[in-house]
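One letter stands for each residue in the lines below.
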Amino acid sequence: LLATGTAYKQVQIYDIRASSTTRRPVLYTPEGLFTHRITTICQLHNTNTLAIGDSTGDCHLVDIRRMHSGKQFSARKQIAKEEIGLGRLVGPGGSIRELVCHPSLPYMACVGLDRKLWTWDVSKRKMMDCVYLKQRLNCALFCADDCWSADGDKNG
C-alpha cells in the first residue's frame, strides 16, 4: 500500500500491487478530518497507524484500519472524525517538513519551519524533548542503534 497526502486536506491509500487494476485510492480520509494541507506522512511501528503533519504544525495520528473507501461515512462526518483520528501530538508551531520514526524504539521526531526538533514517545503520546535549531531543517534521521541516552550517560 502507498499513502499520499494532498493539498486538499486528505490522505489517500493506493493499492500498488501488480494484481490491482485500478489506479484510484482504495482508502481515504473523510472531508473535514484535517483543516490544512498535508505536508508529510510517516508510518509508525505498529503498521496500522500513520502520523500526519500539516502546514500549520499539527501532527495527527490516524488509524488506517478505520479509514473508508466510499459512501458509508458521507452522512456521518463528525462520527467519522472521532472514529479515524487517534489523537494529536502537541508541539510544532510552523509547517511540518518531516516526520521520522526510530527504527526500533517507539520514538518519532519532527522538524519544521519553527526551527525546532520535536521528539515524542508515540506509545505514550508524550513529548520527550524539544531543541531549538539555528537553521530551518527539511529532514531528520535516526541512528539505527537501540540506545537512547544523554551524552554523559555510561549506561546507554
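Residues numbered from 1 in each chain as written. Predicted model: local features only at pLDDT ≥ 70, side-chain atom pairs only at ≥ 80, totals over all residues. Heavy atoms only, no water.

## A few points about the pairing of strand S11 (residues 126-132)
Where strand S10 (residues 116-121) lies against S11, six bridges are found, and the strand directions are antiparallel. In the sheet register, Leu117 faces S11, and the bridge partner there is Val131. The antiparallel hairpin formed by S10 and S11 contains four residues in its connecting segment, where Arg125 sits at a positive phi of about 55°. (Pairing = 2+ DSSP bridges. Helix = DSSP H or I, 4+ residues; strand = E, 2+ residues; numbered from the N terminus.)

## A short note on the nonpolar core
Counting residues in each nonpolar core, the largest one holds 14 residues, and the members touching the most others are Leu44, Ala51, Cys59, Leu99, Met108 and Trp120. Of all the secondary structure elements, the ones that give two or more residues to this core are strand S6 (59-63), strand S8 (96-101), strand S9 (107-112) and S10. Among the elements that line this core, the one with the most residues is S8, at three residues. Not counting chain neighbours up to four residues away, the residues in contact with Met108 comprise Leu44, Ala51, Cys59, Leu89, Leu99, Val100, Cys101, Trp118, Thr119, Trp120, Val122 and Phe142. Counting residues in hydrophobic clusters, the runner-up holds 10 residues, among them Val11, Ile38, Ile52 and Val62. (Core = buried A, V, L, I, M, F, W, Y, C linked by side-chain atoms within 4.5 Å. Buried < 20%, exposed > 50% of the residue type's maximum accessible area, 1.4 Å probe, protein only. Contact = heavy atoms within 4.5 Å.)

## Remarks on the pairing of S9
Buried residues dominate S9, accounting for six of its six residues. Side-chain alternation along S9 places Tyr107, Ala109 and Val111 on one buried face and Met108, Cys110 and Gly112 on a second face that is also buried. Two strands pair when backbone bridges link them, and S8 and S9 are joined in this way by five bridges, in the antiparallel orientation. By the bridge assignment for S9, Glu98 is matched with Val111. Between the end of S8 and the start of S9, which pair antiparallel, lie five residues. Sheet topology places S9 next to S10; five bridges connect them, and they run antiparallel. Its bridge partner lying in S10, Met108 is registered against Trp120. The loop that links S9 with its antiparallel partner S10 comprises three residues; one of these, Arg115, has a positive phi angle of about 65°.

## Considering the side chain of Thr6
Turning to its location among the elements, Thr6 is positioned in the loop between strand S1 (2-5) and strand S2 (11-14). Accessibility expressed as a relative area gives 14% for Thr6, which makes it buried. Residue contacts for Thr6: discarding those within four places in its chain leaves Gln12, Arg37 and Ile38.

## Brief notes about the sheet that holds S11
On the basis of which strands lie adjacent, the open sheet formed by four strands has the order S8-S9-S10-S11 and antiparallel pairing. Two strands bound the open sheet, and with one partner strand each, they are S8 and S11. Pairwise comparison of adjacent strand axes, ignoring direction, gives a mean angle of 20° for this sheet. (Axes fitted to C-alpha atoms, helices over the stretch in contact; angles between N-to-C directions.)

## Re the environment of Ile64
Topologically, Ile64 is positioned in the loop between S6 and helix H1 (77-84). Of the residues examined, Ile64 reaches a relative accessible area of 15% and is grouped as buried. Residues Ile64 and Leu27 lie 37 residues apart in sequence; the distance between their C-alpha atoms is 8.3 Å. Excluding residues that lie within four positions of it along the chain, Ile64 makes contacts with Leu27, Thr47, Asn48 and Leu50.

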